[in-house]
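For reference, the chains in residue letters:
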Amino acid sequence: MAKQRTQIVMTDQEIEAFLSEQRNATVATVGPQGAVHLVAMWYAHLDGTIYLETKGKSQKALNLRRDGRMSFLVEAGQTYDQLRGVALEGTGVLVEDDPELLWDVCVNVFERYNGPYSEELRPFVETMTHNRAVVRLDVDRVRSWDHRKLGLPAMELGGTTAASVGA
């Protein structure tokens, strides 16, 4: 019997689809004293690459200037039989001098979380670009899992947190 880990790994196409359809990520950088600095982030997914837009003076930007190591995690599913996720590890590259890339990233983020971009919405996206930089994740390692591939019976949402799910 194959190991469970090999059964649940996503294909490259499944990873791309998953990252394109999800909304929230957890991003980790290395803080000034060596502690992991975690933040929840919206993200852009352009041409197979993960991008973030952030203030140039944000803690994650300061951390990346000092130490480029970055991890990125997206998960979905409320019960064990439905858990899916992608974890990316690599180098977060701060791009502060590419207004075209910043615009593309901001439009992608806007569309992912608000709806289709049109010229009438330009002022909203322009506001997003103010004092912002782009972080591009150059990936060295990919881990993925999709428990739906295990064929487990559907599990009921339970436990002390069930009432708050979807609230």
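In what follows, the accompanying structure is described. (Residues numbered from 1 in each chain as written. Predicted model: local features only at pLDDT ≥ 70, side-chain atom pairs only at ≥ 80, totals over all residues. Heavy atoms only, no water.)

**Here's the deal with the pattern of salt bridges**
Alright, step 1. All chains considered together, the criterion is met by 11 salt bridges.
Alright, step 2. With a closest N to O distance of 2.9 Å, E89 and R143 form a salt bridge. Pair noted here: E89 is in strand 6 (residues 84-95) and R143 is in strand 7 (residues 132-146), with a separation of 54 residues, a long-range link.
Alright, step 3. A relative accessible area of 24% means that E89 is categorised as partly exposed. (Salt bridge = Lys/Arg side-chain N within 4 Å of Asp/Glu carboxyl O. Helix = DSSP H or I, 4+ residues; strand = E, 2+ residues; numbered from the N terminus. Buried < 20%, exposed > 50% of the residue type's maximum accessible area, 1.4 Å probe, protein only.)

**Remarks on the packing of aromatic side chains**
Alright, step 1. Scanning the entire structure with this criterion turns up 3 aromatic pairs.
Alright, step 2. Ring plane angle 5 degrees and centroid distance 4.1 Å describe the contact between W42 and Y113, whose orientation is recorded as stacked. Here W42, found in the loop between strand 2 (36-41) and strand 3 (44-46), pairs with Y113, found in helix 4 (residues 99-113); they are 71 residues apart in sequence, far enough to count as distant.
Alright, step 3. With a centroid separation of 5.9 Å and an interplanar angle of 85 degrees, the aromatic rings of W103 and Y117 are classed as edge-to-face. Here W103 is found in helix 4, whereas its partner Y117 is found in the loop between helix 4 and helix 5 (122-129), with 14 residues between them in sequence.
Alright, step 4. Here the guanidinium or amino end of R112 rests over the ring plane of Y43, the centre of that ring lying 4.3 Å away. (Phe/Tyr/Trp six-rings, centres within 6.5 Å; stacked < 30°, edge-to-face > 60°. Lys NZ or Arg CZ within 6 Å of the ring centre and 35° of its normal.)

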